[in-house]
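# Observations on the model geometry
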Amino acid sequence: MSSRLLEFRVRNKEGHYIWVGANIRVLIDPLTGEKLGSVVVSRDIQAQRDAREELIRSEARFRSLTNLSSDWFWETDEQGRFTYVSDGLYRLFGIRPEEVIGRTRTERAADRTEPGLLEYLAKVERREPFRDLPYSVFVPEKGTIGCAALSGEPIYDGNRFIGYRGVGRDITDSMQAQKRLQDLANHDALTGLPNRAHLSERLRTLLDNCGSDDRVAVLFIDLDRFKEVNDTLGHARGDELLSEVAQRLRQSIAASDIVARLGGDEFVVVSQCINGAQSAMQLVEKLRYALDAPIELAAHEVFVRSSIGISMFPQDGRSEEDLLQHADIAMYRAKEEGRNGYRFYTEEMGIQVRERMTIDNSLHRALERNEFELYYQPKFDLSSLRVVGMEALIRWNHPQLGRVSPLDFIPMAEERGFISEIGKWVLEEACRFTARLMAAQGQELKVSVNLSARQVQEGLLIRHVVEALERSALTPGSLELELTETAMIANLAASADVFTELKSLGVSLAVDDFGTGYSGLAYLGQLPFDVLKLDRSFINQKEKNGLGNRKIIRAFIRMAQSLNLSVVAEGVETSEILSFLREVGCNEAQGYLFSRPLPADEFETFIATHEARLLVL
Ligand SMILES: Nc1nc2c(ncn2[C@@H]2O[C@@H]3COP(=O)(O)O[C@H]4[C@@H](O)[C@H](n5cnc6c(=O)[nH]c(N)nc65)O[C@@H]4COP(=O)(O)O[C@H]3[C@H]2O)c(=O)[nH]1
């Protein structure tokens, strides 16, 4: 008995053609072998046919899609060995299926420690699906490394895990673009060095991995007078200089060290120093040596000098912010101390900077909080030794810091634009006090008020002076305005009109701190000044042969007087100097020998009793 299966189409009772499967069995007589007839069993197989055709269509669709797709399709067995990869892998990475089949992903990976690959292995281990895990692929044709992103899910036969199936995408271009963007975001465009953000990140990572015995030096390097190069040779040459400096720094450090540019002419070097400060010092010397050779710029030889501040991990800070800030503070100290040097950070530097910050933060409120006070130092006529006036000197009674010297806040007030307001207050207070004192004592006095160069430039000075005189009813002849020699020279042309106008009001003008600037006496004759104040450093200078300085003082006094200038000596501390000044005809003097600057009430007492003091002198 043999059977055959036939499939054919018949018309059903609704008149539609359907597929029918017929199983035909031929009946044979077992004794004679004669064919007796056939048994035909037919059934409607339309649904089966439809399903089969759909499967064929869907497979064809799948093949065509995987071939057309820019991605590739893969399958692995339960051991993670590839059992199938589509053509896409060859098209994208030049890897033939036969090079991969039977191998695991790890065997083919360009970097077996990559996070994407490690995550893939972990997911597979836990039979979890995964999406877009990046990992590097060696591209044999180009000899380069490409980057793929993998997605996949486990496959099961019933309950039995039989492997993974998934797709891979070529993300080389987007990864490269991302890396370029990251590089741009992390590096300084001019020098290619890491920028501030990247430095912070790398320093933080370095510190996180430091043990208690590790030592790290952070060097803050600032070029001295870089602005001059920019101003005289132009920005393009300035850029060349910065690139050359970056190059020299890079060449001077170890591969594990970091050199970064924070912007402008500021660089930072981070180095692991086995011998702590000693190693840091050796590194500083090496860097300075590297920077010492002249740099050729537009046929000019430029010599680079730098100021370097150093902070050490762990003693000067454990965080990247602290170490950078402290190295910066130390760098400023190196600059203040004459540039082209280096300084290690100390605790005392930090205290000073915090004080400066406190001053900076509270200065704008000091006036409205009434925290300023004027002290007065008497000035003496040297022929009669009688008080002829006083210098008003500002003090700031700070709620936290106590009495702050003008030397510590006047420069900041100038920088922050508060000096005009403070100066106005000083003028009003000094005029008011002097007018009252003169009335009370029945005595002529001249009060000297210090002006800052900014006050002269800002244009409100004349109005402030006029108002102060009017409000106090002080005669203009009782007010003297002092401007330092350096400030005056810096603004000579611009200020000449202001001086002339002030003079026309009837106030007198004094050149303060004479002898500290680099000017001669020549310009004084052209300006409407009345008084020359010889600086105290000049008066107190130790003489080499006991005569030198005195000769100069004598010459100054003679020249000043020939220009009709009255001479006041500041900082007179000894009776010996006093005798000398009297002998050479100096007009007036002030100094600790007579009195320190005094608060208003004490000064008043001083004036009331000065005749008695005269006897003591
Ligand atoms: N070693 C020594 N020092 C003496 C002697 N006699 C006086 N001095 C100090 O010398 C400084 C003289 O003031 P300056 O040269 O005008 O220098 C002043 C002046 O430039 C500035 N200043 C003070 N008050 C004002 C102000 O109201 N406005 C402006 N713009 N500056 C002011 O601050 C500077 C410092 O003022 P002070 O600390 O009060 O310091 C004062 C005074 O206390 C002495 O015999 N020996």
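First, a word on scope: everything that follows refers to the structure included in this document. (Residues numbered from 1 in each chain as written. Predicted model: local features only at pLDDT ≥ 70, side-chain atom pairs only at ≥ 80, totals over all residues. Heavy atoms only, no water.)

### Topic: the overall build of the protein chain
Tallying secondary structure elements over the protein chain gives 23 helices and 25 strands in all. A buried classification covers 44% of the 617 residues belonging to the protein chain. Put simply, 59% of the contacts in the protein chain that link residues at least 6 apart link residues at least 24 apart. Accessible surface, the protein chain as shown: approximately 33200 Å² in total, 50% of it carbon and sulfur. (Helix = DSSP H or I, 4+ residues; strand = E, 2+ residues; numbered from the N terminus. Buried < 20%, exposed > 50% of the residue type's maximum accessible area, 1.4 Å probe, protein only. Contact = heavy atoms within 4.5 Å. Areas by Shrake-Rupley, 256 points an atom, 1.4 Å probe, with all protein chains shown as cover.)

### Some points on the side chain of Ser-508
Considering the arrangement of structural elements, one finds Ser-508 in strand 21 (residues 508–514). Polar contacts involving the side chain of Ser-508 include one to the side chain of Lys-446, which spans 3.0 Å. Discounting residues that sit within four places of it in the chain, Ser-508 has contacts with Lys-446, Leu-479, Glu-480, Leu-481 and Asp-530. (Polar contact = N/O pair within 3.5 Å; in protein donor to acceptor, adjacent residues only side chain to side chain.)

### A few points about empty space enclosed by the protein
On inspection of all chains with the given rule, the structure shows one cavity of 30 Å³ or more. Empty space within the largest cavity amounts to approximately 120 Å³. For the lining of the largest cavity, the secondary-structure elements that each account for two or more residues are strand 5 (82–85), helix 2 (88–93), helix 4 (105–108) and strand 6 (130–139). Its residues assigned to classes, the lining of the largest cavity shows 10 nonpolar, no polar and two charged. (1 Å grid on protein atoms, 1.4 Å probe; cavity = no way out; pocket = protein on both sides within 12 Å on 5 of 7 lines; lining within 4 Å. Points joined across faces, edges and corners; volume = space filled by probe spheres on them. Nonpolar A, V, L, I, M, F, W, Y, C, P; charged D, E, K, R; others polar.)

### Concerning the site of the ligand
Taken together, 23 residues sit near the ligand, with Arg-395, Asp-512, Arg-536, Glu-573 and Tyr-592 positioned nearest. Here a nitrogen atom of the ligand sits 3.1 Å away from a polar atom, N or O, in the main chain of Ile-394. Notes on the ligand: free accessible area 790 Å², of which the protein chains cover 87%. According to the grid-proximity analysis, the pocket containing the ligand is the largest pocket. Elements with a minimum of two residues in the shell around the ligand: strand 17 (387–398), helix 13 (406–416), strand 19 (446–451) and strand 21. Residue composition of the shell around the ligand, by class: 10 nonpolar, six polar and seven charged. (Near = heavy atom within 4 Å. Sits in = over half its atoms within 2 Å of the grid points.)

### Quick word on the environment of Asn-397
Counting through the fold element by element, Asn-397 comes out in strand 17. Distance from Asn-397 to Phe-372, taken between C-alpha atoms, is 6.1 Å for residues 25 residues apart in sequence. Once residues within four sequence positions are removed from consideration, Asn-397 is found in contact with Glu-371, Glu-373, Gly-402 and Arg-403. In this structure the side chain of Asn-397 is engaged in a polar contact, spanning 2.9 Å, whose partner is the side chain of Glu-373.

### A few points about the packing of aromatic side chains
The geometry of two aromatic rings is summed up by the distance between their centres and the angle between their planes. As enumerated under the stated definition, the model contains 19 aromatic pairs in all. A centroid spacing of 6.1 Å and a plane angle of 45° characterise the contact between Phe-372 and Trp-425, whose relative ring orientation is tilted. Placement of the pair is Phe-372 in strand 16 (residues 372–381) and Trp-425 in helix 14 (residues 419–441), with a sequence separation of 53 residues. For Phe-372, a relative accessible area of 7% puts it in the buried group. Aromatic side chains Tyr-376 and Phe-603 sit 5.7 Å apart centroid to centroid with 40° between the ring planes, which places their arrangement in the tilted category. Pair noted here: Tyr-376 is in strand 16 and Phe-603 is in helix 22 (residues 600–608), with a separation of 227 residues, a long-range link. (Phe/Tyr/Trp six-rings, centres within 6.5 Å; stacked < 30°, edge-to-face > 60°.)

### Looking at the sheet that holds strand 5
The five strands lie next to each other as 5-4-8-7-6, forming an open sheet whose pairing is antiparallel. The open sheet has two edge strands, strand 5 and strand 6, and neither has a second partner. Shown here is a sheet whose adjacent strand axes are inclined to one another by a mean of 30°, direction ignored. Of the pairings in the sheet, the one linking strand 4 (residues 72–76) to strand 8 (residues 160–170) comprises five bridges and is antiparallel in character. When the bridges of strand 8 are listed, Glu-75 appears paired with Arg-165. Here helix 5 (residues 115–125) sits on the sheet and contacts strand 6, strand 7 (144–157) and strand 8; the angle it forms with strand 6, its principal contact strand, is near 130°. (Pairing = 2+ DSSP bridges. Axes fitted to C-alpha atoms, helices over the stretch in contact; angles between N-to-C directions.)

### So, a nonpolar patch on the surface
Residues Leu-27, Leu-36, Val-39 and Val-41 make up a contiguous nonpolar surface patch of about 330 Å² in total accessible area. The leading source of residues in the nonpolar patch is strand 3 (residues 35–44), at three residues. In this structure, Leu-36 sits in strand 3. Residue Leu-36 is classed as exposed on the basis of its relative accessible area, which comes to 56%. (Patch = residues over 30% accessible without salt bridge, like charges linked within 9 Å, V, L, I, M, F, W, Y side chains within 5 Å. Salt bridge = Lys/Arg side-chain N within 4 Å of Asp/Glu carboxyl O.)

### Considerations on the layout of surface pockets
Counted as a void, the largest pocket has a volume near 1000 Å³. Around the largest pocket, the lining comprises 36 residues; the ones closest to its centre are Glu-391, Leu-393, Pro-406, Leu-407 and Asn-450. Elements represented by at least two residues in the lining of the largest pocket include exactly strand 17, helix 13, helix 14, strand 19, helix 15 (453–458), strand 20 (479–484) and strand 21. A class-by-class count of the residues in the lining of the largest pocket yields 16 nonpolar, 10 polar and 10 charged. Counted as a void, the second largest pocket has a volume near 350 Å³. Together, Tyr-332, Lys-335, Glu-336, Arg-356, Met-357, Asp-360, Leu-407, Asp-408, Pro-411, Met-412, Glu-415 and Arg-416 line the second largest pocket. Every element with two or more residues in the lining of the second largest pocket is listed here: helix 11 (320–336), helix 12 (347–366) and helix 13. For the lining of the second largest pocket, the element with the most residues is helix 13, which contributes six residues. Grouping the constituent residues of the lining of the second largest pocket by class yields five nonpolar, no polar and seven charged. There are two domains that each give the lining of the second largest pocket at least three residues, and those are domain 3 (187–345) and domain 4 (360–539 + 548–616). (Domains from an automatic or database assignment.)

### As for the side chain of Asp-381
Within the secondary structure, Asp-381 is located in strand 16. Nearest to the buried, unbridged Asp-381 among oppositely charged side chains is Arg-582, at 7.5 Å. Filtering out sequence-adjacent residues up to four positions away, Asp-381 remains in contact with Arg-386, Val-388, Asn-587 and Glu-588. (Lys, Arg positive; Asp, Glu negative; His and termini not counted.)

### Section: the environment of Glu-570
Within the element layout of this structure, Glu-570 appears in the loop between strand 23 (566–569) and helix 21 (575–583). For the pair formed by Glu-570 and Ile-539, sequence separation is 31 residues and the distance between their alpha carbons is 7.3 Å. Excluding its chain neighbours within four sequence positions, the residues that come into contact with Glu-570 are Glu-391, Asp-512, Asp-513, Lys-533, Leu-534, Asp-535, Arg-536, Ile-539 and Gln-590.

### Focus: unusual backbone geometry
The amide bond that connects Phe-313 to the next residue, Pro-314, takes the cis arrangement and shows omega of 5°. Here Pro-314 is to be found in the loop between strand 14 (306–313) and helix 11. In this structure, Asn-370 is a non-glycine residue whose phi angle is positive, near 60°. Among the secondary structure elements, Asn-370 is positioned in the loop between helix 12 and strand 16. Phi is positive for Leu-385, close to 60°, though the residue is something other than glycine. For Leu-385, the location among the structural elements is in the loop between strand 16 and strand 17.

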